[in-house]
Amino acid sequence: MASNSVTSLFLIVFVITQCISVLNAAKDFDFFYFVQQWPGSYCDTKQSCCYPTTGKPAADFGIHGLWPNNNDGTYPSNCDPNSPYDQSQISDLISRMQQNWPTLACPSGSGSTFWSHEWEKHGTCAESVFTNQHGYFKKALDLKNQIDLLAILEGAEVHPDGGSYDLDNIRNAVKSAIGYTPWIQCNVDESGNSQLYQVYLCVDASGSNLIECPVFPRGKCGSSIEFPTF
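Keep in mind that this is a model prediction, so the values were computed, not measured.

A. Layout of the overall build of the protein chain. Within the protein chain, the secondary structure is distributed over 8 helices and 7 strands. Considering the protein chain as a whole, with its 230 residues, one finds that 44% of them fall into the buried category. Sequence separation of 24 or more characterises 77% of the internal contacts of the protein chain that already satisfy a separation of 6 or more.

Printed below as a string of structure tokens:
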């Protein structure tokens, strides 16, 4: 009996320890990257793209993700395998998701595969902040509503017209509008020309406030980059 009691106690302690480890992993990060992408640059590559089953998205920046990150450049991922994507939790957000967070991957889809990936890889690591999937996706949508990148750039005479623009002008336009320095990611078009692809901004670990990015991802653009049409 004593041996069984010791074994049972050991198992209980082990389970509690594992649960604590999972919870700690889920909140162990320093800030978020909020990333928006330009659909014209996603599609204008050798790989091309596929419009979602709901039709061609608007010619506007779309959300790529809201990603927990660490100050040393590392990031947590897939933190809670027991919290799979469940679209029923965000049924009231679907129309906003389709408009502001469209998928461009092939084959054409509704967006659910994209959103599932973002939740399971990144969102599960922020459950301590947003509690559930609805809180996570709503926060990203609200950030997109708060930060209208296309309006900011066009206000600085930077237009998605296929022309080339000075990288510093793009960066400074965003910083002047929101008060924080963006990180600009480029990709290349079918001809190998560098083009504006994604804009990274940083949000504090509470998910509440924009901040200066503690660290930027690797990679760089040329001094002059294209802003393709869509």
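B. Local environment of the state of the cysteines. Enumeration over the complete set of coordinates arrives at 5 disulfides. For Cys50, the disulfide goes to Cys106, at an S-S distance of 2.0 Å. Taking the sign of the torsion about the S-S bond as the criterion, the disulfide between Cys50 and Cys106, at about 100°, is right-handed. One end of the pair, Cys50, is in the loop between helix H2 (39-43) and strand S2 (62-69); the other, Cys106, is in the loop between helix H3 (94-100) and helix H4 (112-121), and 56 residues separate them in sequence. Judged by its relative accessible area of 46%, Cys106 falls in the partly exposed class. Assigning the bonded cysteines of the protein chain consecutive numbers by sequence position, one obtains the connectivity 1-2, 3-5, 4-6, 7-10, 8-9.

C. Local environment of the packing of H4 against helix H6 (residues 133-146). It is at 11 Å that the axes of H4 and H6 come closest, and there the two elements cross at 110°. Comparing the axis directions of H4 and H6 gives the class roughly perpendicular. The segment H4 lies against H6, with Trp115, Glu118 and Trp119 engaging Gln133, Tyr136 and Phe137.

D. A look at unusual backbone geometry. A cis geometry characterises the amide bond from Cys106 onward to Pro107, with omega recorded as -5°. Along the chain, the position of Pro107 falls in the loop between H3 and H4. Located in the positive-phi region is Ser48, a residue other than glycine, with phi close to 60°. Phi at Glu157 takes a positive value of approximately 65°, unusual for a residue other than glycine. When you line up the elements, Glu157 lands in the loop between helix H7 (149-155) and strand S3 (164-166).

E. Spotlight on the environment of Gly219. As for its position among the elements, Gly219 is in the loop between strand S6 (210-211) and strand S7 (224-226). Residue Gly219 is classed as exposed on the basis of its relative accessible area, which comes to 54%.

F. Representation of helix H8 (residues 167-178). The terminal C-alpha atoms of H8, which comprises 12 residues, lie 17 Å apart, in line with the 16 Å expected from a rise of 1.5 Å per residue. When H8 is considered as a whole, its buried residues turn out to be Leu167, Ile170, Ala173, Val174 and Ile178. Viewed end-on, H8 has its buried residues packed into an arc of 135°, placing them on one side of the element. Check the buried side of H8 and you find it contacts H7, S3, strand S4 (183-188), strand S5 (194-204), S6 and S7. With a side-chain oxygen lying 2.9 Å from the backbone nitrogen of Asp168, the N-terminal cap of H8 falls on Asp166. Gly179 sits one or two positions beyond H8 and adopts a positive phi of about 90°.

Rules used in this analysis
Residues numbered from 1 in each chain as written. Predicted model: local features only at pLDDT ≥ 70, side-chain atom pairs only at ≥ 80, totals over all residues. Heavy atoms only, no water. Helix = DSSP H or I, 4+ residues; strand = E, 2+ residues; numbered from the N terminus. Buried < 20%, exposed > 50% of the residue type's maximum accessible area, 1.4 Å probe, protein only. Contact = heavy atoms within 4.5 Å. Disulfide = S-S within 2.5 Å. Axes fitted to C-alpha atoms, helices over the stretch in contact; angles between N-to-C directions. Parallel < 35°, antiparallel > 145°, perpendicular 65-115°, else oblique. Expected span 1.5 Å × (residues − 1). Arc of directions from axis to C-beta. Polar contact = N/O pair within 3.5 Å; in protein donor to acceptor, adjacent residues only side chain to side chain.

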